[in-house]
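An overview of the molecular structure
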Amino acid sequence: MSKIQYKNFEFWISNFQFKLVVGKFLFCLFFIACYQLPTFAQQDVNVLLQKVKAKIESVNDYEANGKMKTNVAFLKVPVATIKMYFKKPNKLKIKNEKGISFVPRGAVSINLNNILSGNKYTVIDIGEDKISGAKVRVVKLLPDDDNADIILSTLYIDETNLVIKKAKTTTKDNGTYELEMTYGKYTAYGLPDKVIFSFNTKDYKLPKGITFDFDDGAVKKPVEKNKKGRAEIVLSSYIINKGVLDSVFL
Amino acid sequence: MWNLLQIELFKISKRPRTYIAFIAIAAIVFIFQFAFKADGQSYMDLMLQSVKDDFTFERVKAINGYFMCYIILNTLLIQVPILVALVAADSISGEANMGTLRLMLSKPISRSQIIIVKFIAATIFTLLLLVWMAITALFLSMFIFGVDDMLIFRVKGDESQILQITKDDVMWRYFAAFGYATVALTVIAALALLLSIFAQNSIGPIIATVCIVIVCTIISNINVPIIDNNVKPFLFTSYLVGWKGFFYIATTEDGEPIKGSLENWSAIRNSLFILIGHIVGLVTLSILIFKRKDILS
Amino acid sequence: MSVVIKVDNLSKKFKDFTAVNNLSFTVNKGDVYGFLGQNGAGKSTTIRMLLTLIKPTTGNITIFEKNLQTNRKKILQQTGAVIEKPDLYKYLSAYDNLSIFAKMSGIKSTKLLLMNQLEMVGLAQRAKDKVETFSQGMKQRLGIAVALVHNPDLIILDEPTNGLDPQGITDIRNLILSLSKDRGKTVVVSSHLLSEIELVANRMIIIHNGRKMVEGNVAELLDPSKALIQLQTTDDIFAQQQLQQTKWIQFLQPNTTKLQLVMPKNEVPQLITDLVSKHVQLLSISPMHALENYFLSLTNNPTTHVESAAN
C-alpha cells in the first residue's frame, strides 16, 4: 500500500462521522433487497455491522503480550515473543520483546478498524455460514472509491458475540489477506486471543552471486510454488484503555 | 621435533611478510565494519530486495556483531588462501632461494621431519590468522555492533532462504566454523607446501597455489549438473565453504529453527573427512617427493 | 691412521649428463684434503653427495666407518659444512643464525658458546646485526662459525675463500690449518685454485669432468723433481700386471682410469726400458712435467692459468 493511499484511507476514517449519508444507506438497502432477498428477513447487516463496530470502537487503545509464529516458506525464524500495541484510530504496532522478528507488513490489518471504520462502502449480505461449527453471518464490503487499496472485504461475523471471526481482504497491491480470529477472555472488547493472519508474499530471491554457499550435496527439493505466508499470533494479557504513548508507533 | 618447530616459528615470526597477512585481514575487516556502520541498511535492502515490501523488521538489530562476522568471513575466507599461501608456499622454496636449504639439510635432521615441521608451522600460522580474524571480525564487531539474533541469507538449491539463529545459539557455531575453516585453510597450506618443494623461489608456488584455488573455486561454482555430479565432489574447493554448514540450522516441519541443531551434520563431517584426507595426502606426497629430491640450490 | 671418508665408485647422473663418474677416494683422520677441479668438474656434486643433499646414482660412501645412507643422522652430527656461498637467514642476526643452526645440529648451545664462536671468527661486535648488512667476507666467516658451532670432527668447506679479500683468504687459511693441527679435525676443502689447496692441504685429489685425475700427498704431487706420467699401451691390464712385479708399482696411481704414475723425473727412461723388456707394447708416454702444469692444461681459459699462478 503506497503512502498516498494510506493518506487517503486515513482521510476517510477521520471524516467518517461526517460522511454518513442517509441516501447511501438507502441505496445499500435497495441493493441488498434486490440481490439478497432470502436473508432480508434476518437481522439487518448494517445494524449488525454498526454493533460490531461500536464494540470495536469501545477500545481506544491496548497493549498485549503475545507469541508470533511466522510460517513463510523461505523464512526460517523462531517463534517471536511480541508486544502488540494499538491506538485509535488506526495505529497498530507489533514489537518483538527480544531478537529480531519479521512482521508481515499487512499485519496492520489485524486492526479491524482499518476495514470497518470507513463508511464509503457498499454492504452486501451473503447469508449464513459456519466456522468450526459456529454459525456466522457473511458480509461483503465493497469500497466505493475506485482508488482505494482495499477492493473487497468479506467478514464472517459471530452474531451472538458481535465479533468478526474471519476477514478476507483483497487489496490492489498486496493480494489477499485473511484473518482468522479466536476469542476468549476479551470477547467483550472484541479482541481476539488468537489471530491467524494469512498473506501473499513474493518469492524470495537473493541477488545472484552474492554468496558462495556450501552445497552439502543434499537432494534438492522442488521449490514450493505456494507463496502464501501465515503468521499465527497468540495474545494474552491485554491492557485495555490505559493509554499507549504515541512514541511506541514510531 | 619441538626444537625444530620452535625454530620454524621463530623464523616465521621474524619475517615481515608474515605480518602482511595480519595487516591485510585487519584492513579488510575495518573497511567492512566502517562500511556497515555507515550504510549497512543498503546492504540489508539489497539482500531483502524482493521481499522488503512484504515484511518489516529491525534492520539496526539485524546488523549486529554476529551478522557482521558472517558477512566478513563470507568474503574474507575466499581471499585468505592467498595469505596462507604467502607463508606456506615459502616454506621450502624460500629456503632454497636464500640458500639455507642446503645448510639445513646437511644438519642431522631427516627430511620428513623438516616437511612435518614446516607443515605444522604453516598450520599454526593459519590458526593464528583465524584467531586474528575471530578477534577482529567477531569480537571487535560484537563490540562495535552489539549482539542480537543472527540472520543468514542463503541460497539452497534453487531457493533462497533467510535463517534466523537466536543470539544464545550463535557462539558455539562460530567456534565450530573457525575450527572448520582452520582445517580447510590447512589444505591450502599443505598444497602450497607441496608446490614449494619444486621451486627455487616463493613467487612461483604462491601464484600456483592461488591459481589452483581460483580455478577450482570457479569450477566449484559452475552450476551445471554434469559438473555438480562428476567434478565438484573431487575438488577440495567445494568443501572450503563448509564452515557455513554450522550456520545452517535445522528447522521443524513448519520452518521453525531448532536451537542447537545443524541441518546437515553428516555433510559437514564428510567434508571435514575429505579435507583431512587431502591434508594427509598432500603432506605424504610432499614427504615422498622431498625425500627423493636432489638439492641443487 | 683411521679413515674418515671412503668413497667407492661414486657416480651421479642427471638425466643424460654424468656429473660424477666412478669416483673413488679416501680421506684420513687429521687430513686437510684438497678437492681440486675446475668449475663444473663435479666437486660440488661430490660434496653434496657427502652431505646427503644429492643421492648417488651408484657407489658407496662411508664416513667414520659407517655407511652414510644408513647412519646419516649420526654422521651429520659430527660433520660441519659450508656449501658454496655461505647463505644464511638474511633477516636474522648473526647470533640468531648461529643459535638456529646450533639447535639444528642437535646441541644445547649457551650464549657463552655462541659468543665465543662469533669471537673466533671476529664477529662478536656484530652479533646483533642482521646478516643482510654483512659483507661477503663477514658472511663467509659467519658461515664457518655455523659449520663449527657443534664442534664437528669432519669439516667440509666448499670454496671457502670465494669472494674474500686477501686478508680474508689468509684468515681462512690459518683457521683451516689450526683446525687440523691444533684441534685434530679432518677438513675437506674444495677449490678451483691449485695455489689455494697447495697452501693448506696435505693430501689432494684432482677431478675433471667428474673423473679422478690424480690423488695423493700434496708434497709429493707438487715435488718439482717428480713427474706425472701417463702410459698408453696396447693392453693396459697386461701392462699393469707387469708393473706389479717391479718397483714402479709404488708410483702407480690407484683408482684412475688410465695408467698414471707419479715418479722422479730422472727415472722415466729406466721405466721405459723396463716396460719394453717386459714386452709391454707402448703406444705413447706423456710426461706432465709438473702437477701444476697438468692441472692448468685441463683448463681452457688461459686467464685462469695466470690467476692461479699469481695466487
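Anything mentioned here points back to the structure above.
All of the points below concern the structure found in this document. Note that this is a predicted model, so its numbers are computed, not measured.

What chain B contains, in helices and strands, is eleven helices and three strands. Listing every helix and strand of chain B by position from the N terminus yields α-α-β-α-α-α-α-α-β-β-α-α-α-α. Dimensions of chain B, computed from C-alpha atoms along their principal axes, come out at roughly 70 × 40 × 30 Å. For chain B, buried positions account for 60% of its 297 residues. Across chain B, contacts joining residues at least 24 apart in sequence account for 75% of those joining residues at least 6 apart. Looking at chain B as shown, the accessible area adds up to about 11,400 Å², and 70% of this sits on carbon and sulfur atoms. Both charge centroids of chain B, one from 23 positive and one from 20 negative side chains, sit 17 Å from each other.

Residues and elements named next belong to chain B. Side chains of L127, V131, I135, F139 and F175 sit close together on the surface and give an oily, nonpolar patch of about 460 Å² of accessible area. With four residues, the top contributor of residues to the nonpolar patch is helix 7 (residues 111-145). You can see F175 is positioned in helix 8 (residues 171-197). With a relative accessible area of 57%, F175 lands in the exposed category.

So, about the pattern of salt bridges. Counted by the stated rule, this structure contains 28 salt bridges over all chains. The shortest N-O distance in the salt bridge between K11(B) and E8(B) comes to 2.9 Å. Taken together, the positions of K11(B) and E8(B), both in helix 1 (residues 2-14) and three residues apart, correspond to about one turn of that helix. Judged on exposure class, the residue K11(B) and its partner E8(B) are both buried. For the salt bridge of E215(C) with K212(C), the shortest nitrogen-to-oxygen distance reads 2.9 Å. Classification of K212(C) as buried rests on a relative accessible area of 4%. One connected set of salt bridges, linked through shared partners, spans E8(B), K11(B), E95(B) and K118(B).

Think of interface size as the accessible area that goes away when the parts come together; that is how it is often given. If you look at the interface, chain B gives 27 residues, while chain C gives 30 residues. Summed over both sides, the interface between chain B and chain C buries roughly 2,700 Å², with carbon and sulfur atoms accounting for 59% of that surface. The interface formed by chain B and chain C includes two salt bridges. With a shortest N-O distance of 3.1 Å, R102(B) and D87(C) are connected by a salt bridge. At the surface where chain B touches chain C, the tally comes to 14 residue pairs in polar contact (both at pLDDT 80 or more). Sorting the residues of the side of chain B that touches chain C by element identifies helix 1, helix 5 (93-98) and helix 6 (100-105) of chain B as the ones contributing at least two each. No other element matches the six residues that helix 1 of chain B contributes to the side of chain B that touches chain C. Across the side of chain B that touches chain C, the residue classes break down as eleven nonpolar, six polar and ten charged.

In this section: empty space enclosed by the protein. All names here are of chain B. Following the criterion strictly, the structure yields nine cavities of 30 Å³ or more and no others. Here the largest cavity is characterised by a volume of approximately 170 Å³. Taken together, 16 residues make up the lining of the largest cavity; nearest its centre are E8, I12, D90, S91 and K118. Put simply, the parts of the chain that give the lining of the largest cavity at least two residues each are helix 1, helix 2 (16-47), helix 5 and helix 7. Counted by class, the lining of the largest cavity contains six nonpolar, three polar and seven charged residues.

We now examine the sheet that holds strand 5 (residues 66-67) of chain C. All names here are of chain C. Ordered by their spatial adjacency, four strands build an open sheet running 2-1-4-5, and the pairing between neighbours is antiparallel. Only two strands of the sheet have a single neighbouring strand rather than two, namely strand 2 (17-28) and strand 5. Relative to strand 5, strand 4 (residues 58-63) is paired through two bridges, and the arrangement is antiparallel. Residue pairing across strands places T62 opposite N67, the latter belonging to strand 5. Lying over the sheet, helix 1 (residues 43-50) contacts strand 1 (3-14), strand 2 and strand 4, oriented at roughly 120° with respect to strand 1.

Calculation criteria
Residues numbered from 1 in each chain as written. Chains lettered and ligands numbered in written order. Predicted model: local features only at pLDDT ≥ 70, side-chain atom pairs only at ≥ 80, totals over all residues. Heavy atoms only, no water. Helix = DSSP H or I, 4+ residues; strand = E, 2+ residues; numbered from the N terminus. Buried < 20%, exposed > 50% of the residue type's maximum accessible area, 1.4 Å probe, protein only. Contact = heavy atoms within 4.5 Å. Areas by Shrake-Rupley, 256 points an atom, 1.4 Å probe, with all protein chains shown as cover. Lys, Arg positive; Asp, Glu negative; His and termini not counted. Charge placed at Lys NZ, Arg CZ, Asp CG, Glu CD. Patch = residues over 30% accessible without salt bridge, like charges linked within 9 Å, V, L, I, M, F, W, Y side chains within 5 Å. Salt bridge = Lys/Arg side-chain N within 4 Å of Asp/Glu carboxyl O. Buried area = accessible area lost by both parts, 1.4 Å probe. Polar contact = N/O pair within 3.5 Å; in protein donor to acceptor, adjacent residues only side chain to side chain. Nonpolar A, V, L, I, M, F, W, Y, C, P; charged D, E, K, R; others polar. 1 Å grid on protein atoms, 1.4 Å probe; cavity = no way out; pocket = protein on both sides within 12 Å on 5 of 7 lines; lining within 4 Å. Points joined across faces, edges and corners; volume = space filled by probe spheres on them. Pairing = 2+ DSSP bridges. Axes fitted to C-alpha atoms, helices over the stretch in contact; angles between N-to-C directions.

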